[in-house]
Amino acid sequence: EVQLVESGGGLVQPGGSLRLSCGASGFTFSSHWMSWVRQAPGRGLEWVANIKEDGSEKYYVDSVKGRFTISRDNAKNSLYLQMNSLRAEDTAVYYCARAEFLSGYFGSVFESFDYWGQGTLVTVSS
Amino acid sequence: QTVVTQEPSFSVSPGGTVTVTCGLSSGSVSTRNFPSWYQQTPGQAPRRLIHSTKTRSSGVPDRFSGSILGNKAALTITGAQADDESDYYCVLYLGSGIVGFGGGTKLTVL
């Protein structure tokens, strides 16, 4: 059974940093792209970042570029999100998701998020 | 910046049919955007319903179907049930590793 378990959320002051982790089990972690998706309180879902199986490609939503870094450790079956210079608008539940990408002539193409963790809450407030 | 659009809300009677659409602020949605649809109930993680435009995920009832209607992706629920009352999100691939979520559609069954 595929399981994704996030941790590391909490209360942080504006301008502060936080590192989220996602432990994966039940599948070959090193064979899958992974993603972070967030949801602000009472709001919709927002894609944050994608990382390729070997970590060689990373993509971010514009609002977090230069502040957040997605990474992975395939030996530990773990995904991470380093969040720096946090702002109030980063307050959200952060979900780890397994992303299905298709390989083709033009490279890798996103197909869908097939498994999700239960999320971890990040609150940015003074 | 391209925005993914959805109807904010819909209401359907039990047993009725409803179609939620997913568009782009500029351009048309096609199968090359690999539309996918997710259901989310309050306090829960999203659950994938449909991927690659029309492929149902394992365990998803066949009353849920996906398609391209005109220049948008569409999720149709035929024979809506009370426990279909949820938020529904579409996701589109926007190219260059970028993914876009629609704003979500709150479905009421009454």
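Residues numbered from 1 in each chain as written. Chains lettered and ligands numbered in written order. Predicted model: local features only at pLDDT ≥ 70, side-chain atom pairs only at ≥ 80, totals over all residues. Heavy atoms only, no water.

**Q** Looking at this structure, how should I read the pairing of strand β10 (residues 98-101) of chain B?
**A** For a regular strand, side chains alternate in direction, first toward one face of the sheet and then toward the other. All names here are of chain B. Relative to β10, strand β9 (residues 87-95) runs antiparallel, the two being bridged by four bridges. Across the sheet, Gly 95 pairs through a bridge with Ile 98, a residue of β10. Counted along the chain from β9 to the antiparallel partner β10, the turn is two residues long, and its residue Ser 96 has a positive phi close to 55 degrees. (Pairing = 2+ DSSP bridges. Helix = DSSP H or I, 4+ residues; strand = E, 2+ residues; numbered from the N terminus.)

**Q** What exactly am I supposed to notice about the layout of surface pockets here?
**A** Space left empty within the atom packing is revealed by a probe, the size of a water molecule, rolled over the atoms. One number sums up the size of the largest pocket: a volume of about 690 Å³. Forming the boundary of the largest pocket are 30 residues, of which Leu45(A), Glu46(A), Trp47(A), Val61(A) and Gln1(B) lie nearest the centre. At the level of elements, β5 (45-51) of chain A together with β9 and β10 of chain B are the ones that each hand at least two residues to the lining of the largest pocket. Of all the elements, β10(B) adds the most residues to the lining of the largest pocket, at four residues. Looking at the lining of the largest pocket, its residues break down into 12 nonpolar, nine polar and nine charged. (1 Å grid on protein atoms, 1.4 Å probe; cavity = no way out; pocket = protein on both sides within 12 Å on 5 of 7 lines; lining within 4 Å. Points joined across faces, edges and corners; volume = space filled by probe spheres on them. Nonpolar A, V, L, I, M, F, W, Y, C, P; charged D, E, K, R; others polar.)

**Q** Explanation requested: the packing of aromatic side chains in the structure shown.
**A** Any aromatic ring pair is given by two values, namely how distant the centres are and how the planes are angled relative to each other. Residues and elements named next belong to chain A. Going through the model one piece at a time under the given rule, you end up with 12 aromatic pairs over all chains. Each ring, one from Trp 33 and one from Tyr 59, has its centre 6.2 Å from the other, and the planes form 15 degrees; the classification is stacked. One end of the pair, Trp 33, is in strand β4 (residues 33-39); the other, Tyr 59, is in strand β6 (residues 58-60), and 26 residues separate them in sequence. Ring geometry for Trp 33 against Phe 101: centres 3.7 Å apart, planes inclined by 10 degrees, an arrangement best described as stacked. With Trp 33 in strand β4 and Phe 101 in strand β9 (residues 92-104), this residue pair connects regions lying 68 residues apart in the sequence. (Phe/Tyr/Trp six-rings, centres within 6.5 Å; stacked < 30°, edge-to-face > 60°.)

Limitation: the analysis is restricted to geometry and does not speak to function.
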